[in-house]
Amino acid sequence: MADAVQPIRWKGDRLELLDQRLLPEKTVYITCRTAAEVAAAIRDMVVRGAPAIGCSAAFGVVLSKGSADAYEVLAKSRPTAVNLFWALERMKKAKDLEAEAVAIYEEDLAANRAMGKLGAELIPEGARVMTHCNTGALATAGYGTALGVIRSAKDKKISVIANETRPYLQGARLTAWELVQEGIPCTLITDSMAGHLMSRGEVDVVIVGADRIAANGDVANKIGTYPLAVLAKRHGIPFYVAAPLSTFDPSIPDGSHIPIEERPASEVTGYRGTRWAPEGVSVRNPAFDVTPAELITGIICEKGVILDPDKDRIKRLTS
Ligand code: MRU
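The following refers to the structure shown.

Thresholds applied
Residues numbered from 1 in each chain as written. Predicted model: local features only at pLDDT ≥ 70, side-chain atom pairs only at ≥ 80, totals over all residues. Heavy atoms only, no water. Phe/Tyr/Trp six-rings, centres within 6.5 Å; stacked < 30°, edge-to-face > 60°. Helix = DSSP H or I, 4+ residues; strand = E, 2+ residues; numbered from the N terminus. Buried < 20%, exposed > 50% of the residue type's maximum accessible area, 1.4 Å probe, protein only. Lys NZ or Arg CZ within 6 Å of the ring centre and 35° of its normal. Contact = heavy atoms within 4.5 Å. Near = heavy atom within 4 Å. Polar contact = N/O pair within 3.5 Å; in protein donor to acceptor, adjacent residues only side chain to side chain. Areas by Shrake-Rupley, 256 points an atom, 1.4 Å probe, with all protein chains shown as cover. Nonpolar A, V, L, I, M, F, W, Y, C, P; charged D, E, K, R; others polar. Domains from an automatic or database assignment. Core = buried A, V, L, I, M, F, W, Y, C linked by side-chain atoms within 4.5 Å.

Looking now at the packing of aromatic side chains. For the structure on display, the rule yields two aromatic pairs. Ring centres 4.7 Å apart and planes at 20° place the aromatic pair Trp10 and Phe59 in the stacked group. One end of the pair, Trp10, is in strand E1 (residues 8–10); the other, Phe59, is in helix H2 (residues 50–63), and 49 residues separate them in sequence. A single burial state applies to Trp10 and to Phe59, both of which are buried. Among the aromatic side chains, those forming a connected cluster through ring pairs are Trp10, Phe59 and Tyr105. The lysine or arginine in question, Lys92, covers the ring of Tyr71, its NZ or CZ lying 5.5 Å from the ring centre. If you follow Lys222 out to its NZ or CZ, it ends over the ring of Phe288, 4.2 Å from the centre.

Rendered as structure tokens:
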């Protein structure tokens, strides 16, 4: 199953991206032939999730033969996930562009499998695991980060509580879809129900992904992650982050330096053409928030698990 969902298909002269805006109703691939088309697909959420954005951008560079314009347009597509900029930097240094993009893709897949193995050891038998947003095969080259850990722990008879993830519904549309296909018991809740379930002792562990991890271990992830970490601390529930090394940004000291994307008001005032908020109301739509390192039990990356993450522990494992 792990590889049944393929968000990114490289075809040598074109990139096919599974249009995640249409899931779970429709499975449609769009074709990109230039870096500008890949950048538009990233901006418009055809492809999303930090590692998947990085992989797609790398193939975008290949399509436009490494032109300066390609790097520029791709770098402007979305600001928060550092995997995008990490991939572009790697591509700039590459001699063979196609081989490098394929390596980025394959390394991501391998990193996810390694994280899955390491992370599964942290999940207790029969655990009820809460997750947020979508960190699965769809958000990566395949298999997933936090959802990869969940996949790897399947034999422990776990069940998953998937947060809907307002406003873009990655949890309801994408995570629930992946888990139903995989046959892992999954209960969908709206984000505001998380505290209630934790207070009733119905959550054993929380695991999420990341879009950027600062040098001190502060983590930017999908909006709504920070309150989950606060709630988990309040209720003594372990809170783990799973992210590959491509998500670490040692160039920024802490989370306050992470650029937070603000997305269109229309995502908050309605959905797919239905408007429920009155015309004239002002709207905020930050797509990510920052969870301070002190609220994180451990960060799982492909090299190991960083418990009680801080600057020194992160440096030791990642450099
Ligand atoms: O806006 P999105 O859907 O790109 O946000 C995705 C997330 O926040 C994920 O949790 C993160 O990228 C990790 S994906 C393995």
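This part covers the side chain of Thr269. Position of Thr269 among the secondary structure elements: in helix H10 (residues 266–269). Sequence-distant contacts of Thr269, that is, excluding residues within four places in its chain, are made with Thr274, Arg275, Trp276, Ala277 and Val283.

Next up on the list: the site of the ligand. Of all residues adjacent to the ligand, which total 18 residues, the nearest are Arg48, Arg78, Asp211, Asn221 and Lys222. One nitrogen or oxygen atom from the side chain of Arg48 is found 2.8 Å from an oxygen atom belonging to the ligand. Measuring from an oxygen atom of the ligand, one finds a backbone N or O atom of Ala50 at 2.8 Å. Compared with its free state, where it exposes 420 Å², the ligand has 100% of that area covered by protein. Where the shell around the ligand is concerned, the elements lending two or more residues are H2 and strand E9 (219–222). Tallied by class, residues from the shell around the ligand come to seven nonpolar, seven polar and four charged. The residue makeup of the shell around the ligand includes at least three contributed by each of domain 1 (8–110) and domain 2 (116–318).

Below, the discussion takes up the nonpolar core. Counting 37 residues, the largest nonpolar core has Ile8, Leu15, Leu17, Ile42, Leu74 and Met91 as its most contacted members. Put simply, the parts of the chain that give this core at least two residues each are E1, strand E2 (15–18), helix H1 (35–43), H2, helix H3 (68–75), helix H4 (82–93) and helix H5 (97–120). For this core, the element with the highest residue contribution is H2, accounting for 10 residues. Counting residues in hydrophobic clusters, the runner-up holds 26 residues, among them Met130, Ala210, Ile213 and Ala243.

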